[in-house]
Every structure is written in structure tokens, then in C-alpha cells.
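# Working through the structure, step by step
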Amino acid sequence: MPTNSPPAVPDADSIPIENVCERTLLHTQRFADDPHRIYRWMRKQGSMVPVELAPGVPATLVVGYNTALRILRDPERFPADPRRWQDAMPPGCPIRSMVEWRANALRSAGTEHERFRRANIDSLDHIDLHLLRRQVIDEAETRLESLLGRRDIQDANQIDVIADYARPLTFTVLNRLLGCTEEVGNDVAWAMARMFESTEHTEQVNTVLSRSLGGHIAAKQSTPGKDVTSRLIAHPTGLDPVELIQQLVTLYGAGIEPTVNLMANTLRLIYTDPRFLARHDGFLPIGEAVTENEIADPPMANYCLSYPPAGVTVDRIWLPAHQPVVISMASCNNDPAVNKGGGDYLHAGWGLAYSAGPHKCPTTAQAVARLIATEGTARFVDMLPDARPQGRLTWRPGPFHRALSAFPVSLR
Ligand code: HEM
């Protein structure tokens, strides 16, 4: 846990973050409706701007790519441990469960972080990606066949891409990777949805997660399998029961919603951008559509929170101690300093969708996410060739994600 460092003194020529420009409220529907117009405006104000993550929760949003990289690679001055800060959150704060301290890699710093990260990476690295691809394809086909065979769906001639397909598909795949039963998965699904919507259910969310995942871990302790949970339990770092629960919460939290949104947003891009569906050569470059989303409109739009233990000057802007610094992957990836807007994203290793620096999304986790999103999209387009979006699609408010509220499509 960070100690109270002596406050650093602002340089004479630096300005406090709150004086850079008007504070933008990231939690509003207005922001969700058109974030990229607001990111463009923000980048004109400087590399960092003042924002509000929830009512009464001020933060700094990093909107310039090069500044973001420097911060992400500087865990000494920008550690990810929120403990000293989180007591300042207003009671009932809707983003608490997304940002509060947990015994996991995301919210730890230094040797604590290394320990949790090692356990996660070693457990994920055993995943057989070839087998997983087959499982994703089979699961996607089974799910679509069962949807198409349902009388109510045939009558309505409509399904919701997110609720009926992308989310249950991703959940089933993650449940299998983690060795969880459908029942445990359903509880976790409920809790995760509330966590990502940043609604006021924090207590209930944490209770449901502890109960269901605690039971799952006990079952795996007595009967281990070839799954990520069993590997975490057996890992030489010796995670205790609470730490084990928190690793699973992180794997579900980090794995489900961003992957669902990557798949849904890719399908939206394919259906709404003439470069994709209207191609006359019959070849649909789904991998390119996924990559374009990761770059131009990443599903985790603003995240990677850190908390400077002392005031710090960056780009002549003074950031106060113990106030969140949030990276806007969505803005940074569109920063003209790195993205000339040509759309040639085939070699897009520079993108920040999966972050950079010590907390970067583990390589195998990235591969799992891309595999689910790509194969899930491909099966959907292949098996429902006449599907088309219905009505105007709207975006779910929330400071962190880029998520459609719903995604109805007609089938014929
Ligand atoms: C499209 C899907 C995904 C996106 C956009 C994404 C993005 C990210 C980002 C931005 C971070 C850094 C967060 C921070 O520093 O606060 C991260 C970390 C992490 N991700 Fe992913 N992720 C995705 C899928 C997954 C999946 C499928 C898993 C595992 C099943 C996973 C596991 C993790 C873990 C364990 C970390 C913590 C690493 C650390 O703190 O050292 N992610 N991810």
C-alpha cells in the first residue's frame, strides 16, 4: 500500500489540471452519444483534461498518446493502487465496484502486482488456442441454430445481438476456460453487468461474487480440472481464498464485457460501413474490422486508473496527489500524433486498446478476446446473411466502456 509521500511542489510555470479547461462529465448520456467529438475538443485543450467519472468524483483524463505511454510506463509515479484515494469516494458511488481496491493485478502496484500478474499469466498461458477456436465456433453455431429454431424469434423476426448472442457466447466460453458451471456463470453475469453499468449495487455485487465464486473454488480444490481456476489454485504464489476469488472476478470482469462489446461493435461497423458489407468481391475482412474497432473505437474507452502518491507535473500540468489519472485509449488511439486516419490498421501494435506498460492485458488474454470476437462475428455473418440493424442504435452511458445499449437486428 502506498505511503504518504511528501507533497511535490508545482513548478512555477505549470498550471493545475482544473485550470486547463472546463471539466467534462464522462458519466452522462451526452458524452456516450458522441464521445469522439468531445475527445477531439479535449485534445485541442492539451494532453490531459479534467473530468468527472461519477457525480463528485474528479479525475484527470489523458487524451494525448505520447503522454499516455509515458504515464503507463511510469508505475513509480503512477501506481494503480487506489487504497489511499478510495475513501474519498462519495457514499453509494456508482463506479465503486469498478475502481475499488481488490487483491488483484489491476489494482496493485510493485511486488504485490508482480505476484498477482505472474499467477494470472502462468494460468492463462496453458490455454490451447487451437482447441479454443474450435470450441468458440461450435458454441456459436449451436447458439445461432437454437435461436433460429425458436418459434418466438421466428415470429418476431428479430434478435438482440448482445443479449441473445454476444454475451451468452462469451460467457459460455469464459465459463469453460475457468471451469465454472452454468449456475456460477449466471450469478457472475448478473453481477458483472451491474459492475460495468456503474449502477448503485456495489454491496450486492460483491456479495453475489464472493458467494458464487467461493463455492466454485471450493469445488475445484476438491476436484481439480484442466482449467484456469485449478491452475490458479495450484500456482506456487500460494493465493489465499480471498485472493483466488478476486483473480476470478478480474478475469470475468476484464474478459466478458470488453469482449462482448468488441464483437458487437465489430458487427455494427460491418453493418453500417459500406467498406465492409457492400464489398463486391464477396470477401468480408472480419479480422480487419476487429482491428479497426480496437484502434478507432476501443471497447475499454477510458481506463487504466492510477493514483499519484504525490503531486506531479506532466506536460506543464500539475496533477494533485491521490486523484485518479485515467487513460483515454479511445482518444489516444485517435491522436493525430500517431493515427493519420488512413484506416490501414493491419499492423496496429501501437494501439492502446489493451493498454501498455506493466498492467498491459496479458498476451494470451488478448488472443482469447480477439479469437472470441473474430469467430463470433464470422459465424454470425455467415449464418445470418440477411440480418440488418433495426432502428437507431444508442450507446450506454458509463465513463469506461464503449457499449451499445442494445443491438436489435432483423433476420430476413
Ligand atoms: C476485447 C477484450 C479486452 C480488452 C479491450 C482488454 C483490455 C485490457 C486493458 C486496457 C487492461 C489494463 C487495465 C488497467 O491497467 O487498468 C487489461 C488488463 C487485464 N486484462 Fe484485458 N482486455 C480484454 C480481454 C481480456 C480477457 C479475455 C482476459 C482474460 C480472460 C483479460 C485479462 C486481463 C487481466 C488479468 C488484466 C490485468 C493485468 C495487470 O494488471 O497486470 N482481458 N485488459
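Above this note sits the structure.
It should be emphasised that the depicted structure is a prediction, and the values quoted were computed from it without experimental measurement.

Right, let's get into the environment of Glu294. Within the secondary structure, Glu294 is located in helix 14 (residues 286-296). Given the relative accessible area of 8%, Glu294 is considered buried. Counting along the chain gives 51 residues from Glu294 to Tyr345, while the straight-line C-alpha distance between them is 9.4 Å. Among residues more than four places away in sequence, those in contact with Glu294 are Leu262, Asn333, Ala353, Tyr354 and Arg370. Within the structure, Glu294 has its side chain in polar contact with the side chain of Arg370 (distance 2.7 Å).

Further remarks concern helix 6 (residues 110-124). Taking 1.5 Å per residue as the helical rise, helix 6 with its 15 residues ought to reach 21 Å, and the 21 Å between its terminal C-alpha atoms agrees with that figure. Among all positions in helix 6, only His113, Phe116, Arg117, Ala119, Asn120, Ile121, Ser123 and Leu124 are buried. Residues of helix 6 that are buried make contact with helix 12 (228-234), helix 13 (241-272) and helix 16 (363-383).

We now examine the pattern of salt bridges. For the coordinates displayed, the defined rule picks out 26 salt bridges. One salt bridge connects Asp74 with Arg77, and the closest N-O pair in it is separated by 2.8 Å. Judged by its relative accessible area of 17%, Asp74 is buried. A relative accessible area of 42% places Arg77 in the partly exposed class. The residue Asp81 makes a salt bridge to Arg83 at a minimum N-O spacing of 2.7 Å. The exposure class of Asp81 is buried, given its relative accessible area of 4%.

Here we take up the coordination of the iron atom of the ligand. You will see that the iron atom of the ligand has only one donor from the protein, Cys361 (SG), lying 2.3 Å away. Among the structural elements, Cys361 can be located in the loop between helix 15 (329-333) and helix 16.

Read from one edge of the open sheet, five strands run 2-3-4-9-6, paired in mixed fashion. Each end of this open sheet is capped by a strand with a single partner; those strands are strand 2 (24-25) and strand 6 (302-306). In this structure, strand 3 (residues 48-54) lies alongside strand 4 (residues 57-62), joined through six bridges in antiparallel fashion. Residue pairing across strands places Met48 opposite Val62, the latter belonging to strand 4.

Attention now goes to unusual backbone geometry. Backbone geometry places Asp315, a non-glycine residue, at a positive phi of 50°. Among the structural elements, Asp315 can be located in the loop between strand 7 (312-314) and strand 8 (317-319). Positive phi, normally seen in glycine, also occurs at Arg316, with a value near 60°. For Arg316, the location among the structural elements is in the loop between strand 7 and strand 8. Arg316 gets classed as exposed once you look at its relative accessible area, which sits at 56%.

Glancing now at the nonpolar core. Formed by 125 residues in total, the largest nonpolar core has its most connected members in Met42, Leu53, Tyr252, Phe380 and Phe407. Top element by residues in this core is helix 13. It accounts for 15 residues. Residues in contact with Phe380, not counting those within four places in the same chain, are Leu144, Ile159, Val161, Tyr165, Leu267, Tyr271, Ala387 and Val409.

A few words on the packing of aromatic side chains. Within the structure shown, the criterion is met by six aromatic pairs. Measuring from ring centre to ring centre gives 6.2 Å for Tyr65 and Trp350, while their planes differ by 70°; the resulting arrangement is edge-to-face. Placement of the pair is Tyr65 in helix 3 (residues 65-72) and Trp350 in the loop between helix 15 and helix 16, with a sequence separation of 285 residues. What makes Tyr65 buried here is its relative accessible area of 7%. Aromatic pair Tyr165 and Phe380: ring centres 5.1 Å apart, planes at 45°, arrangement tilted. You can see Tyr165 sitting in helix 9 (residues 161-178) and its partner Phe380 sitting in helix 16, a full 215 residues away along the chain. Judged on exposure class, the residue Tyr165 and its partner Phe380 are both buried. In this structure, Arg402 packs its charged tip against the face of Trp395, placed 3.6 Å from the ring centre.

We now examine the site of the ligand. Contacts to the ligand come from 23 residues, most closely from His113, Arg117, Cys304, His359 and Cys361. Take Ala105: an N or O atom from its main chain is 3.5 Å from an oxygen atom of the ligand. Note that an oxygen atom of the ligand is positioned 2.8 Å from one of the side-chain N or O atoms of His113. Among the secondary structure elements, those contributing two or more residues to the shell around the ligand are helix 6, helix 13, strand 6 and helix 16. No other element matches helix 13, which puts six residues into the shell around the ligand.

This next bit is on the packing of helix 7 (residues 129-148) against helix 16. Between helix 7 and helix 16, the shortest axis-to-axis distance is 9 Å and the interhelical angle comes to 35°. Handedness of the crossing formed by helix 7 with helix 16: right-handed. Residues Leu129, Leu132, Arg133, Val136, Ile137, Ala140, Glu141, Leu144, Glu145 and Leu148 of helix 7 form the contact with helix 16, whose own contacting residues are Ala367, Val368, Leu371, Ile372, Glu375, Gly376, Arg379, Phe380 and Met383. For the contact of helix 7 with helix 16, a count of residues per class yields 13 nonpolar, one polar and five charged.

This part takes up helix 16. With 21 residues, helix 16 extends 30 Å from end C-alpha to end C-alpha; this agrees with the ideal 30 Å at 1.5 Å per step. A large share of helix 16 lies buried, amounting to 16 of its 21 residues.

What counts and what doesn't
Residues numbered from 1 in each chain as written. Predicted model: local features only at pLDDT ≥ 70, side-chain atom pairs only at ≥ 80, totals over all residues. Heavy atoms only, no water. Helix = DSSP H or I, 4+ residues; strand = E, 2+ residues; numbered from the N terminus. Buried < 20%, exposed > 50% of the residue type's maximum accessible area, 1.4 Å probe, protein only. Contact = heavy atoms within 4.5 Å. Polar contact = N/O pair within 3.5 Å; in protein donor to acceptor, adjacent residues only side chain to side chain. Expected span 1.5 Å × (residues − 1). Salt bridge = Lys/Arg side-chain N within 4 Å of Asp/Glu carboxyl O. Donors = N, O, S within 2.8 Å, 3.2 Å for Na, K, Ca; no water. Pairing = 2+ DSSP bridges. Core = buried A, V, L, I, M, F, W, Y, C linked by side-chain atoms within 4.5 Å. Phe/Tyr/Trp six-rings, centres within 6.5 Å; stacked < 30°, edge-to-face > 60°. Lys NZ or Arg CZ within 6 Å of the ring centre and 35° of its normal. Near = heavy atom within 4 Å. Axes fitted to C-alpha atoms, helices over the stretch in contact; angles between N-to-C directions. Left-handed = near helix turned anticlockwise from the far one by under 90°. Nonpolar A, V, L, I, M, F, W, Y, C, P; charged D, E, K, R; others polar.

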